Amino acid sequence: MTAAAAAGPAEVLATVGLTARYGSIEALAPTDMHVEDGELVAVLGPNGAGKSTLLRALMGLVTNGGTVRFRGRPLPRRDPVAVAASGVVLVPEGRGIFGPMTVAENLELGAYRLGRDKAEFERRWTRVFDLFPRLKERLGQVAGSMSGGEQQMLAIGRALMADPKVLLLDEPSLGLAPRVTAEILETLHRLNQGGLPVILVEQKAPLALKLAKRAYLLSVGRIVATIDPREITSYDDIAKHYFA
Amino acid sequence: MLGAVPWVFAAGLVGYALVAGGYMATVVSFALIYAVFVVGLNLFMGFTAQVSFGQNAFAAIGGYSSAVLTTMFGWEPLPAMLTGVCGAVLAALVVGYPTLRLKGHYLAMATLAIGLITYEITVEWQSVTQGYMGISGIPPLGLGKWTVTSDRGQLVVLIAIVALSLFAAARIRASRLGRAFFAVAGSEEAARALGIDVARYKLAAFLLSAGFAALAGSLFVHVVGFVSPEVYGLHMVILSFTMLYVGGIGTVAGPLIGALIVSLLPEAFRGFKDYQDLAYGVALILLLIYAPRGLSTLFRRREARS
C-alpha cells in the first residue's frame, strides 16, 4: 500500500459525465466521481437523491450515458454482464438474495463466472466464512428464512464469491437493527483494510462517514458536495441537503 | 424419507394402470404425455419464473410434423418426431429472441398470441393439415418392423420417456444451468449484477420447454393415431397450468403428480354424474387452499428444501 501511495494512489473506478434515465426522466445528472486503490468512498444523500441509480448506472443496469472507466479502460455501457466480468460487483438494494435457494447455492451463484477452478473456489469459499462465520452454520438453510442481517451477510458473501476488484454496496443497513448494522459495517471495514476498494451508498451518513475516506453528497440526481470525513464536526451541513 | 412419498404415489398409480390395463391404462397414458409437456413448462415457468401461454403452439408443431411426415411422406415415427422437436425449438428461437425482452404480462400476451396464431394455421392450411377434419391413420410409435400397438406397450414406452424427462429435469435443476435459471427467477437484477446473462438463460429455458412441448405433442398423435387443431387448443394451456400448480411449480416431481391427479380426478368423480364438474372444481380449490405450493411439496420439511 505504501508503494502505491508513494506513486500517488491509482484510480480504480471513475465516471466521467455518467448519466442515467428511466424513460424520459433524467435520474442522474452528468456525474464525475471516482474511487482509488484501497479506498472506501461513501455516497450519501436523502431518499430519492439518485444514490441507487448511480450504482445501477455504474453497473449498466439502467439506460446510461457518459463513461465509466475501470483501471483506465472504458467499460461497456449497457452490459452489466461484462461489467461484472471485469470485477465490478454490486450488492443490490434490498440484498437481492435468492430466497428459495439455500445459503450454499446462493454463494455458489456468486462464483458463477469462475467455472470449474476448484482451488480458486475453495479460496473464495474460506474467505467468506472467515468474514461471516455465521454463514457456515447456515449452509443448508433456505436463504429466505434467515434474518435480515444474515441475508445481508449472505448478499455480501455472495458478491465476494465473485472475487470483486471493486465492491459496490447499496444501503447494507436498510431495515437492520443498529447492532447488526455495526457488525456488518465492521466487516466492510476489514474487507477494505485488506485492500478492496468499496463504494458504499448509505442514507445513514454518520455510520458511513466513520468508515469512509471520502464521501460524495448526492441530492436530486447530482453531486452537491465532496466531503472529507475528518473535517466534519457537525452534521448540520449535510442535514441541510437532506432537507433541501 | 418423506420426500419419497410423491414418487411412491406416482409409481403406485402408474403401476396399477400397467396391471389393470384397459381404460385406466389409456387415462394414465394421456396423463404421462401431459407430464412430458408440463416438465417443459415447469422449466420455463417454475425454474425460471417466466410466463408462457403459448406452449401449445410447440406441441402443435411437434404433433403436426409427426402426422404430416408419417402420413403424407411415409416417414418412420422416430425421425418424424425428431424433426418436429427440432422444428419447434427453431420456432421457439425465432419467436423467443424478440419476445423474451418483454416482461410479465407483456410476455404472457405475446406467447398467447403465438398459440392462437399456430391454431389458426392448423385450421387454415388445409392442403397440409386438412383443417378441422384433422389427419387420421398416423402410425403408432415404433422402430422399423417393431411397433407398439397394445395399451400396455404404449404405457411402458411412455413411462420410460417420462422417467427420462424427469431425470433430465432433476439434472438441470442441480446443474450450473439450473442455478442460473433459479437466479433469473429470484431476481433478474441481482443475477445480472453477478454476471449472469439473463436474456440468454431465459431463451435457453424457453427452447428447452418448447422441445418438451413438441415431444409431448408428437407422442400424442402416435398414441391416438389422429390429430386435429382442437387437440392443441387453449384448453391444453389451461389444463397444463392446472397440472403445474396442483403438482407443485418449480419442483421436480410436481409435473408428474399434477398430470396424474388432474387427469384422474374427473374419472374419480364419474359416479357424481351431473355434479362431476362441480366436484372436480371443488377438489381443485381445496387442493390449492391446502397445498398452495403443490401436492409434491406437502411431504417436505421447510428447512431442508433445496
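Residues numbered from 1 in each chain as written. Chains lettered and ligands numbered in written order. Predicted model: local features only at pLDDT ≥ 70, side-chain atom pairs only at ≥ 80, totals over all residues. Heavy atoms only, no water.

**Things to note about the packing of helix α12 (residues 254-268) of chain B against helix α13 (residues 276-290) of chain B**
Residue and element names in this part refer to chain B. One can describe the packing of α12 onto α13 by two numbers: an axis separation of 9 Å at closest approach and a directional angle of 145°. Considering only the axes of α12 and α13, their crossing is right-handed. Contacts from Ile261, Val262, Leu265 and Pro266 of α12 reach α13 at Gln276, Tyr280, Ala283, Leu284 and Leu287. Considered class by class, the residues forming the contact of α12 with α13 number eight nonpolar, one polar and no charged. (Axes fitted to C-alpha atoms, helices over the stretch in contact; angles between N-to-C directions. Helix = DSSP H or I, 4+ residues; strand = E, 2+ residues; numbered from the N terminus. Left-handed = near helix turned anticlockwise from the far one by under 90°. Contact = heavy atoms within 4.5 Å. Nonpolar A, V, L, I, M, F, W, Y, C, P; charged D, E, K, R; others polar.)

**Some details on the sheet that holds strand β10 (residues 222-227) of chain A**
Residue and element names in this part refer to chain A. Spatially, six strands are ordered β6-β7-β8-β3-β9-β10 in an open sheet, and the strand pairing comes out mixed. Strands with a single pairing partner mark the edges of an open sheet, and in this sheet they are β6 (88-91) and β10. Taken over all neighbouring pairs, the strand axes of this sheet differ in orientation by 20° on average, direction set aside. Two strands pair when backbone bridges link them, and strand β3 (residues 40-44) and strand β8 (residues 198-202) are joined in this way by five bridges, in the parallel orientation. Across the sheet, residue Leu40 finds its bridge partner in β8, namely Val198. (Pairing = 2+ DSSP bridges.)

**Brief notes about the pattern of salt bridges**
All names here are of chain A. In total, this model carries 19 salt bridges over all chains according to the counting rule given. Between Arg124 and Asp163 there is a salt bridge, with the nearest N and O atoms lying 3.9 Å from each other. Taken together, the residues span a long stretch of sequence, with Arg124 in helix α5 (residues 118-131) and Asp163 in the loop between α7 (148-161) and β7 (166-170) at a distance of 39 residues. Its salt-bridge partner being Asp163, residue Arg127 comes within 3.7 Å of it at the nearest N-O pair. Of this pair, Arg127 sits in helix α5 while Asp163 sits in the loop between α7 and β7, and the two are 36 residues apart along the sequence. Judged by its relative accessible area of 26%, Arg127 is partly exposed. Through salt bridges that share partners, Glu120, Arg123, Arg124, Arg127, Asp163 and Lys165 make up one connected network. (Salt bridge = Lys/Arg side-chain N within 4 Å of Asp/Glu carboxyl O. Buried < 20%, exposed > 50% of the residue type's maximum accessible area, 1.4 Å probe, protein only.)

**Some remarks on the sheet that holds strand β5 (residues 73-74) of chain A**
Residue and element names in this part refer to chain A. Strand order in the open sheet made by the four strands is β2-β1-β4-β5, with antiparallel pairing throughout. Every interior strand has two partners, whereas the edge strands, β2 (25-36) and β5, have only one. Relative to β5, strand β4 (residues 63-70) runs antiparallel, the two being bridged by two bridges. Bridge assignment links Phe70 to a residue of β5, and that residue is Arg73. Strands in contact with helix α2 (residues 51-59) are β1 (11-22), β2 and β4; relative to β1, the strand with the most contacts, it is inclined by about 110°.

**Some words on a positive patch on the surface**
On the surface, a cluster of positive charge is contributed by Arg113, Arg116 and Lys118 of chain A together with Arg176 and Arg200 of chain B. The class of Arg200 of chain B is exposed, set by a relative accessible area of 53%. (Patch = residues over 30% accessible without salt bridge, like charges linked within 9 Å, V, L, I, M, F, W, Y side chains within 5 Å. Areas by Shrake-Rupley, 256 points an atom, 1.4 Å probe, with all protein chains shown as cover. Lys, Arg positive; Asp, Glu negative; His and termini not counted. Charge placed at Lys NZ, Arg CZ, Asp CG, Glu CD.)

**Comments concerning the interface of chain B and chain A**
Contact with chain B, which involves 22 residues of that partner, is made by 26 residues of chain A. Of the roughly 2,100 Å² buried at the junction of chain B and chain A (both faces included), carbon and sulfur atoms supply 62%. Put simply, chain B and chain A have two salt bridges between them. Close ionic contact of Glu108 of chain A with Arg179 of chain B constitutes a salt bridge, the shortest N to O distance being 3.0 Å. Where chain B touches chain A, the interface holds five residue pairs in polar contact (both at pLDDT 80 or more). Sorting the residues of the side of chain B that touches chain A by element identifies α8 (176-186) and α9 (188-193) of chain B as the ones contributing at least two each. Counting residues per element, the side of chain B that touches chain A draws most heavily on α8 of chain B, which supplies seven residues. When the residues that make up the side of chain B that touches chain A are grouped by side-chain class, the tally is ten nonpolar, four polar and eight charged. (Buried area = accessible area lost by both parts, 1.4 Å probe. Polar contact = N/O pair within 3.5 Å; in protein donor to acceptor, adjacent residues only side chain to side chain.)

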